[in-house]
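Residue-level listing of the chains:
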Number of protein chains: 2
Amino acid sequence: MPKIVIIGGGFAGLTAVRELRGAELDVTIVDRRNHHLFQPLLYQVATAALSPSDIAYPIRSVVRSQKNTRTILGEVVGIDLAARQLELRDGRLDYDYLLVAAGARHSYFGHDGWEAFAPGLKSVEDALEIRRRVLLAFEAAEREPDPDELARCLTFVVVGAGPTGVELAGALSEIGRLTVAKDFRTFDPRKLRVVLVEGDSQVLPQYSKELAAAAQRQLEQLGVEVRLGQHATAIDDRGVMLGDERIAARTVLWAAGVQASPLGKLLGVETDRAGRVSVAPDLSVPGHPEVFVAGDLMRREQDGELVPGIAPAAIQAGRAAAKNILRRIRGAATQPFRYRDKGSLATVGRGKAVGVVGKVEIKGFFAWWIWWVIHVAYLIGFRNRIIVLIGWAWQYFAFSRGARLITGRSWRPERAAAASDAESR
Amino acid sequence: MPKIVIIGGGFAGLTAVRELRGAELDVTIVDRRNHHLFQPLLYQVATAALSPSDIAYPIRSVVRSQKNTRTILGEVVGIDLAARQLELRDGRLDYDYLLVAAGARHSYFGHDGWEAFAPGLKSVEDALEIRRRVLLAFEAAEREPDPDELARCLTFVVVGAGPTGVELAGALSEIGRLTVAKDFRTFDPRKLRVVLVEGDSQVLPQYSKELAAAAQRQLEQLGVEVRLGQHATAIDDRGVMLGDERIAARTVLWAAGVQASPLGKLLGVETDRAGRVSVAPDLSVPGHPEVFVAGDLMRREQDGELVPGIAPAAIQAGRAAAKNILRRIRGAATQPFRYRDKGSLATVGRGKAVGVVGKVEIKGFFAWWIWWVIHVAYLIGFRNRIIVLIGWAWQYFAFSRGARLITGRSWRPERAAAASDAESR
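Parameters at a glance
Residues numbered from 1 in each chain as written. Chains lettered and ligands numbered in written order. Predicted model: local features only at pLDDT ≥ 70, side-chain atom pairs only at ≥ 80, totals over all residues. Heavy atoms only, no water. Helix = DSSP H or I, 4+ residues; strand = E, 2+ residues; numbered from the N terminus. Areas by Shrake-Rupley, 256 points an atom, 1.4 Å probe, with all protein chains shown as cover. Buried < 20%, exposed > 50% of the residue type's maximum accessible area, 1.4 Å probe, protein only. Contact = heavy atoms within 4.5 Å. Phe/Tyr/Trp six-rings, centres within 6.5 Å; stacked < 30°, edge-to-face > 60°. Pairing = 2+ DSSP bridges. Axes fitted to C-alpha atoms, helices over the stretch in contact; angles between N-to-C directions. Parallel < 35°, antiparallel > 145°, perpendicular 65-115°, else oblique. Left-handed = near helix turned anticlockwise from the far one by under 90°. Core = buried A, V, L, I, M, F, W, Y, C linked by side-chain atoms within 4.5 Å. Right-handed = clockwise from strand over helix to strand, strands pointing away.

A. Molecular detail of the overall build of chain A. A tally of helices and strands in chain A yields 13 helices and 27 strands. For chain A, the exposed surface amounts to about 17000 Å²; the carbon and sulfur share of it is 52%.

Here it is, written out as structure tokens:
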């Protein structure tokens, strides 16, 4: 029986596994993590609206009804294309066909030292770290007598105004003005400052100028300060430099760049600056018809534009790659992949969103409502759907946030963290 | 206005704060963590049935409608009884009246080195660490070719058969036999071995021999191996020694001892071996009528028996201490605290529990059902109540567990954890 190995349990990998359901194959899915993550809602974990288990689900459970598939929790550290063998950190795995769908992480454009001061948002751990920092900033503000330091505690800078940056900035402003106002006593929540920095000349660069302007107005209604055409030139524990201007901020979040998984480089074929693998039209790797790449790790131009690194594109590519593997197994010709853009939505806050559905641009409450329905519908297959629904309905009506826990090893006020680590058990 | 400081946002501290509602006082509650934790359900987080935010809630939110109260996230490192001042890790806090309700942690009876191999269950972090270990043990079993090592992966030892130990052992056996059976392919879930070790001659030593025997039967129906009159004499990374017998186990959990918070010692008065403070009948500290102790940190004998370290006793003591503070402020005589035992329940598994309600001993499905109703009712005030209810109903009908995420810094297979820590960001 042909052995098919799929690396990565994200949208591309899981869709491919499902596409192979019922076929007479020996399918293995390998991931470093035990869970699939619904990344489009990850910012809601970072901003204390949802719990991790609301949007993450064990891969093993997702594929459990699929008899031809087994799940391995493991990390791929080498790919031997000649021997058709993967090297895991603790073992080896042979394949006849391989799909690499290992995704991407954020990139600091060579400034890796910024990561300590400005975490990005890709994994559950990232989201919990951001949640911890945001909540601790409000706790610190509550006890801060010095006005300058108080202002720094209440300043949040988000670098990058793509969908994630816009969502984070909008949600932070909402938290600060609605939830925090009720819970804290000593500071004025109107002093909250959320700054959204974008190098491009508009927020949400993938959209038209009109939509971007609408999103910017929505952000500004929420009190977000939008800085366009500006770049972070330095980030440290006191804040961010934008050219000559220093913004003193205790909390800086990174939503600017994307770097593909290092597994792309292991394939030994051409990758672009972001580490994405240039694939053939059928998504196979040039020179290796038995190896395919899909999802954020894949670089594919179509009509002069890159296929975007978003969930719908990953789902479509995962399905296409799986179908081409099946075609190759039965000796048929593979088909070129064609991305069908059905539209996309970016949410800004309660009742605020912009986007394109089909070819129609929409914005405001209607856009937000469609965004909401689509995201809940996508959680189909997760038992969590009804809980997410209730949690959101609650939050919407009560302006409350349910998951405001500060957990983790260094949950203590930052000054004390190092000294008390030993006794934190 | 009299300044009242309450250390600890557990059952005793929060109940005391609520009792002071509406009074003309300046109340401050200090806790090292930002959340109150519903500890009786913590084992459900450890066994992947609930998420942390289902059973934890920000203290700041609990008290937000109480105008006379402020919340401080901070760690108390010193108590100056003469100056009536607390030393926090980052500041000082004056009081006129003090309630110390800092609780307890697990104790290893002098074998602190065991903690690394056998984590206990007191905090959210503890529960997530246990969840991680349990889930990784099944992942390791799925890939283990060696039969001895496989047996070790599938062996879980719980040390201590009080309520927490019984709950953990029962839940582990249920997970293994029901959930795991569906999700894993290569090993036989009937090979799962859960061993519950207890030094006493019965499980649940606080109950009668009859109830304990019933609980033991329930545990054995779930496949738990109960070892009575035996003590762990050594614990390392390979397993547990019970006298001369070695039980090879990858996962060992500690539910045996309790040690009161070190804050008790800072009071400079008599403490018992477990670090509990011997209080006067009105719960004040001998020689310091303005300082009170309540909850697990308090040692109080009543009718020749210690008031137990359980949530109902902490709630009653917190309320009594707050009332005595109010009496002292208005110059009235304080009242002695009297613990009213309304009964208690210990759950073993689905439809399995034992306990005492009033003076009546109950067991089986009826006891479990009452346990379930009481615990959901206790979550009143948490928005999470309906979600917990739905999660449980789902789990009960679908034999599924919703929160099976492996997260944290060392989520990788154990052999790889050290080597790959650097790149885990």
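That was the structure; now back to the text.
B. Examining the side chain of Glu290(A) more closely. All names here are of chain A. Structurally, Glu290 can be placed in strand S21 (residues 288-293). Look at Glu290 and you get buried, because its relative accessible area is 5%. Discounting chain neighbours no more than four positions away, the residues touching Glu290 are Leu81, Arg84, Tyr95, Asp96, Tyr97, Leu98 and Arg328.

C. Inspection of the packing of aromatic side chains at higher detail. Inspection of every chain in the model, using the stated rule, returns 18 aromatic pairs over all chains. For the pair Phe184(A) and Phe187(A), a centre-to-centre distance of 5.4 Å together with 35° between the ring planes defines the contact as tilted. Across the pair, exposure class does not vary: Phe184(A) and Phe187(A) are buried alike. Taken together, a centroid distance of 6.4 Å and an interplanar angle of 15° make the contact between Phe138(B) and Phe187(B) stacked. Of this pair, Phe138(B) sits in helix H5 (residues 124-142) while Phe187(B) sits in the loop between helix H7 (163-183) and strand S12 (193-198), and the two are 49 residues apart along the sequence. Ring pairs connect the aromatic residues Tyr108(A), Phe109(A), Trp114(A) and Trp254(A), which therefore count as one cluster.

D. Broad picture of the sheet that holds strand S27 (residues 360-363) of chain B. All names here are of chain B. Pairing in this open sheet of three strands is antiparallel, and the strands run S25-S26-S27 from one edge to the other. Two strands close off the open sheet at either side, each with one partner strand: strand S25 (343-349) and S27. On average, each strand axis in the sheet is inclined to that of its neighbour by 5°, with strand direction left out of account. Here strand S26 (residues 352-357) runs beside S27; their pairing, made up of four bridges, is antiparallel.

E. How the structure looks around helix H1 (residues 11-19) of chain A. With seven of nine residues buried, H1(A) is to be regarded as a mostly interior element. Phe11(A), Ala12(A), Gly13(A), Leu14(A), Thr15(A), Ala16(A) and Val17(A) are the residues of H1(A) that are buried.

F. The packing of helix H1 (residues 11-19) of chain B against helix H10 (residues 311-329) of chain B, seen in detail. All names here are of chain B. Remark: H1 packs on H10, axes separated minimally by 7 Å, with the N-to-C direction vectors making an angle of 40°. For the element pair H1 / H10, the angle class is oblique. Considering how the two elements wind past one another, H1 and H10 form a crossing that is right-handed. The residues of H10 that touch H1, namely those facing Phe11, Ala12, Thr15, Ala16 and Glu19, are Ala311, Ala314, Ile315, Gly318, Arg319, Ala322, Lys323 and Leu326.

G. Main features of the nonpolar core. Counting residues in hydrophobic clusters, the biggest one holds 117 residues, and the most contacted among them are Phe138(B) and Val203(B). In terms of residue count, the dominant contributor to this core is H10(B) (nine residues).

H. Highlighting unusual backbone geometry. Residues and elements named next belong to chain A. At Phe109, a residue that is not glycine, the phi angle is positive and equals roughly 50°. Structurally, Phe109 can be placed in the loop between strand S10 (104-107) and helix H5 (124-142). A relative accessible area of 55% means that Phe109 is categorised as exposed. The phi torsion at Leu283 lies on the positive side, around 75°, for a residue other than glycine. Considering the arrangement of structural elements, one finds Leu283 in the loop between strand S19 (277-278) and strand S20 (284-285). Residue Leu283 is classed as buried on the basis of its relative accessible area of 0%.

I. The pairing of strand S2 (residues 26-31) of chain A, seen in detail. All names here are of chain A. Taking burial as the measure, the six residues of S2 include five buried ones, the bulk of the element. Here strand S1 (residues 3-7) pairs with S2 via five bridges, running parallel. Paired with Lys3 across the strands is Asp26, a residue of S2. Of the crossover connections in this fold, the one passing from S1 over H1 to the parallel S2 is right-handed.

The values are spatial; any link to function lies outside them.
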